[in-house]
Amino acid sequence: MSLDAIQSILSSAVVLGSLYAIMAAGLALTWTTLGIFNFAHGALMMIGAYFAWQIGADAGFGLGVAAGMAIGVAALVGLGVVFERLVIRPFLGSRQVVLITVITTLAAMIFIQNSALLTWGPRMKQMPPVLPQGISVMGISFSAAELLIVIAAPVTLIALWLFLTRTRLGTAVRAVAQNPEAAALMGLNVSRLYSLAFAVSAGLAGFSGILLGSMRFITPTMGVEPLIKALVVVIFGGLGSLGGTIGAAYIIGFLEATSIYFIGLYWTPALLFLVIIVVLVIRPQGLFGKE
Amino acid sequence: MQRRDRTFFALMAAGAAALALLPLIGVDASFRHFLILAFIYAIVASNWDLTLGYGGILNFAHPAFFELGVYGYAIFASTLEVEPWLALLLAGGVAVIAALMIVLPVLRLRGIYVILVTFAFGQICLQIVLSQSQITGGSQGMVLLPGLQLGDWSFARDGRMGYYYATLLLLVLSTIYLRMVVRSSFGRSIQALRDNEYYAISRGISVSRQRILTMAASAVFTGMAGGMYAAYLRVASPEVFGLDFLIIVLSALLLGGTSTILGPVMAAILLAILSEWMMDLGAWRFLILSVLIVGVLRFYPGGLYALIEGLAKWAISGRAAVRRGARSPLK
Amino acid sequence: MSALLEVAGAVTGYGRTRVLHGLSLTLNEGRSLGVCGPNGHGKTTLMRAVSGLLRLWEGDVRFDGKSIARSAPQSIVEAGLIHVPQGNRLFPELSVAENLRLGAYSQRARPNEAENLERVFALFPKLKTRRSQKCRTLSGGERQMLSIGVGVMAQPRLLILDEPNLGLAPIVKEELGEAIQDIAERDITLILIEQDIEFIMSVTNHTLVVEQGEITVDTSIAGDMTHEEIVSRYFGENA
């Protein structure tokens, strides 16, 4: 195996892993706090990319990429709050909350996708480049968008980790996930913390969508494939812990990059799913999951 | 026959008779087309009720059983040139084999993991269909599949009249089959498992065995419905794997009311008609449908069946039953 | 002395089952109250209603003169009414220190967080040595100490302890008992739900017996039974 091959695999592994890590961290956050799996996560990514395009691109408001990203993420944070209130909260008390929210988040996905289609039309959009040209790190060349992802992912995830472990509010979010009744008795505003978890999760979705959109094209259905990948990541890592999810994201990114290189694009998804099924048969809670 | 059975079969027979007479009073061909699709959706949704409703198995591979039925029919009838009627039965067999394959890794899983893995199964199937283009036609799909005929009479003639009655018959058979499964001792044991797993196990019911059988039982008519779909439209394309199909069928199941069989059947027919009726609205159609789904789950979680039951009781004994339907949680 | 907590004609329950049938009680600031009675007769239900986890069907709860019957648990905590529930699991994946920190989550408790933390560690020196351990690795007794500690962190005006000794070994009970006594002797008004009548007597000023969702004995009312009579009536001569 040539050095070139290794470099190429590693660079795409790092890019994919970083992207999956931000996506899956958002999914895992809502799962651990509210116990619901958000099938609209991919759609939230997509709408984040469109917001950023609308604000940043010359064909939109033309305020520049940085403004697009900042406002895009902020808009998604707000959208996350609304989303939780309409699609999740009414069903939280129900005995079948897991199943019902699968349906309602799928319905929300359809709603968001078609809203995007009505607003921006079916034609692909392209985000203006962040930096004029690519950069080479240790002989591996990255495009500007890829570089942004590789740097932004660890920064975002460390920030998220610091928030969850080092701040009072973040600790409260984790506490609510573990024991909502005890949380209420300690004066924590449970429903506001749920909103917060969803807002952060949607913000992460929007951010990863913007990153993805700056790497590929923006279409109303661009969120479907990443959602499936994020699904693979969370099954693989188990939904229990954020650390496990992030580790799994990079492992899946590496597996995918290796597999694409050796056996091609078509069989790679099937191979990934096969790995997942084997993992689950051996460890039903996922690789890093707890009972 | 017990009273509940009588009500069920009376309702079913009345519905089937009304639908059978409908073409005779002159319904145009395009409306008949919607109804044929609606019957197929109804079969898929009501059979899904067996796992999701009665069995309490959060199985999201069900649409894949249908899709494999579509491709099973296509490959048998077109590539292997098997007699179409036999291919229709074999499509059911393909779906059963798929159900047996997916149930094995799922046996030890719980809750959300069952949803994720079964959901992923549908995606594997899609990927395999796309990648094996020499067999499946890849993203182009397979076209000009043989249709059904009796002797020389093609089912597509006389404004698709043959398909109308064939799918209606399949729906009726499927409904009777489901009712019999649910009322059998096997059907009672899977409901016992759903309601109180530990108690059921302590009474000697095997979780794994019943889960395997439930999945297989739910796949039989679903696969045949896929075969019928392929025979009717004469194409097998990867589009059937889309999330749109999953959502329409799933909404039919939930809006109709789980663990009722007839609920999903009625809701599927209503939804298919509604969805086709709104065809001209384009993307707005999906906006309306998605709001409708969330709204019904929010404000009338008992579903259509509970509403009809409630209305029937209301006609007899006042309004309390209707209100109870609005409150009753999904089973 | 003014009444800190007044419950007037409380009626509530679960689903359609009535558990409390018009129960009333008054507790003055600085006093401590013991509540005993058979299991399943409404002691815990009463406390859940007081702390806002359960809505009252009829009646009212006033804390420091203001009605809290319609308030959310969060604003009840903010007013200084702290309920440490029975068999509290707390937050198993958080450390002891994090659990205590969340105890001081309310605005009213935050200014005194450091001071209260010292007080908790003085009450339960064990918690100090275990401060970075995850809560789920604690023993039953340690977890109960932490629960009470979390209650103290909230800067309570009224602290409700629901069967803190449940299922603990005698030696641990003794340690907890001393701590609870210490809390009761300070400025904190205390409600202690307990099966061990002798323990209640040693800690509290007066005792209520709750049976069938009603108060059947109140030792603060002249002419009603005394502690000793309760002991002999409900718990046998030798208790």
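Residues numbered from 1 in each chain as written. Chains lettered and ligands numbered in written order. Predicted model: local features only at pLDDT ≥ 70, side-chain atom pairs only at ≥ 80, totals over all residues. Heavy atoms only, no water.

Before going further, it helps to examine the overall build of chain A. Secondary structure summary: chain A contains 11 helices and two strands in total. Secondary structure of chain A in N-to-C order comes out as α-α-α-α-β-β-α-α-α-α-α-α-α. Relative to the compact-globule value of 19 Å for 291 residues, chain A shows a C-alpha radius of gyration of 19 Å, a close match. Seen through its principal axes, chain A has C-alpha atoms that stretch 60 × 50 × 35 Å. In chain A, which comprises 291 residues, the proportion classed as buried is 59%. Sequence separation of at least 24 residues holds for 72% of the intrachain contacts in chain A that already meet a minimum separation of 6. Of the roughly 11000 Å² of accessible surface on chain A, a fraction of 70% belongs to carbon and sulfur atoms. Mean positive and mean negative side-chain charge positions of chain A (13 and 8 charges, respectively) differ by 11 Å. (Helix = DSSP H or I, 4+ residues; strand = E, 2+ residues; numbered from the N terminus. Rg over C-alpha atoms; globule rule 2.2 N^0.38 Å. Buried < 20%, exposed > 50% of the residue type's maximum accessible area, 1.4 Å probe, protein only. Contact = heavy atoms within 4.5 Å. Areas by Shrake-Rupley, 256 points an atom, 1.4 Å probe, with all protein chains shown as cover. Lys, Arg positive; Asp, Glu negative; His and termini not counted. Charge placed at Lys NZ, Arg CZ, Asp CG, Glu CD.)

What follows covers the environment of B:Val129. Residues and elements named next belong to chain B. Turning to its location among the elements, Val 129 is positioned in helix α5 (residues 111-131). Put simply, Val 129 and Ser 139 are 10 residues apart on the chain and 8.1 Å apart in space, counted from C-alpha to C-alpha. When near neighbours in sequence (up to four residues on either side) are disregarded, Val 129 contacts Tyr 71, Thr 136, Gly 138 and Phe 241.

Every contact between the two is made by 42 residues of chain A and, on the other side, 38 residues of chain B. Carbon and sulfur atoms make up 83% of the area that chain A and chain B hide from each other, which totals about 3800 Å². Linking chain A to chain B there are zero salt bridges. Between the two partners, chain A and chain B, sit zero residue pairs in polar contact (both at pLDDT 80 or more). Counting only elements with at least two residues in the side of chain A that touches chain B, the list comes to α4 (97-120), α9 (224-237) and α11 (268-282) of chain A. In terms of residue count, the dominant contributor to the side of chain A that touches chain B is α4(A) (15 residues). (Buried area = accessible area lost by both parts, 1.4 Å probe. Salt bridge = Lys/Arg side-chain N within 4 Å of Asp/Glu carboxyl O. Polar contact = N/O pair within 3.5 Å; in protein donor to acceptor, adjacent residues only side chain to side chain.)

This part is about the confidence of the model for chain C. When pLDDT is averaged along chain C, the result is 87, and 94% of the positions lie at 70 or above. Complex prediction metrics read pTM 0.84 and ipTM 0.86. (pLDDT = per-residue confidence, 0-100.)

With 22 residues of chain A at the interface, the matching set in chain C holds 24 residues. Roughly 2100 Å² is buried in total at the junction of chain A and chain C, and carbon and sulfur atoms are behind 58% of that figure. Ranking the residues of chain A by area buried against chain C places A:Arg168, A:Leu185 and A:Met186 at the top, with a combined share of 39%. Joining chain A to chain C, the criterion identifies three salt bridges.

Residues and elements named next belong to chain C. As defined by bridge partners, strand β1 (residues 3-14) adjoins strand β2 (residues 17-28) across nine bridges and the pair is classed as antiparallel. Bridge assignment links Val 7 to a residue of β2, and that residue is Leu 25. The hairpin turn running from β1 into β2, its antiparallel successor, is two residues long, and Gly 15 in that turn takes a positive phi close to 60°. Direction of pairing for β1 relative to strand β4 (residues 58-63): antiparallel, over a ladder of five bridges. Counted as the bridge partner of Glu 6 is Arg 62 from β4. (Pairing = 2+ DSSP bridges.)

This part covers the environment of C:Ala179. Residues and elements named next belong to chain C. With respect to the helices and strands, the residue Ala 179 is situated in helix α7 (residues 170-185). Overall, the relative accessible area of 4% leaves Ala 179 in the buried class. C-alpha separation for the pair Ala 179 and Ala 122, spaced 57 residues apart in sequence, amounts to 9.5 Å. Residue contacts for Ala 179: discarding those within four places in its chain leaves Leu 123 and Phe 124.

So, on to the nonpolar core. Counting 237 residues, the largest nonpolar core has A:Phe37, B:Phe60 and B:Phe65 as the members making the most contacts within it. Sequence-distant contacts of A:Phe37, defined by excluding residues within four places in its chain, comprise A:Leu27, A:Trp31, A:Thr101, A:Thr105, A:Leu231, A:Val234, A:Leu239, B:Ile112 and B:Leu116. C:Leu33, C:Ala49, C:Leu56 and C:Phe63 belong to the second-largest nonpolar core, a separate cluster that totals 27 residues. (Core = buried A, V, L, I, M, F, W, Y, C linked by side-chain atoms within 4.5 Å.)

Our next topic: unusual backbone geometry. All names here are of chain B. The phi dihedral of Arg 234 falls on the positive side, at around 60°, and the residue is not glycine. Turning to its location among the elements, Arg 234 is positioned in the loop between α10 (207-233) and α11 (243-256). Residue class for Arg 234 comes out partly exposed when judged on its relative accessible area of 39%. One non-glycine residue, Ile 261, adopts positive backbone phi at about 60°. Structurally, Ile 261 can be placed in the loop between α11 and α12 (262-277).

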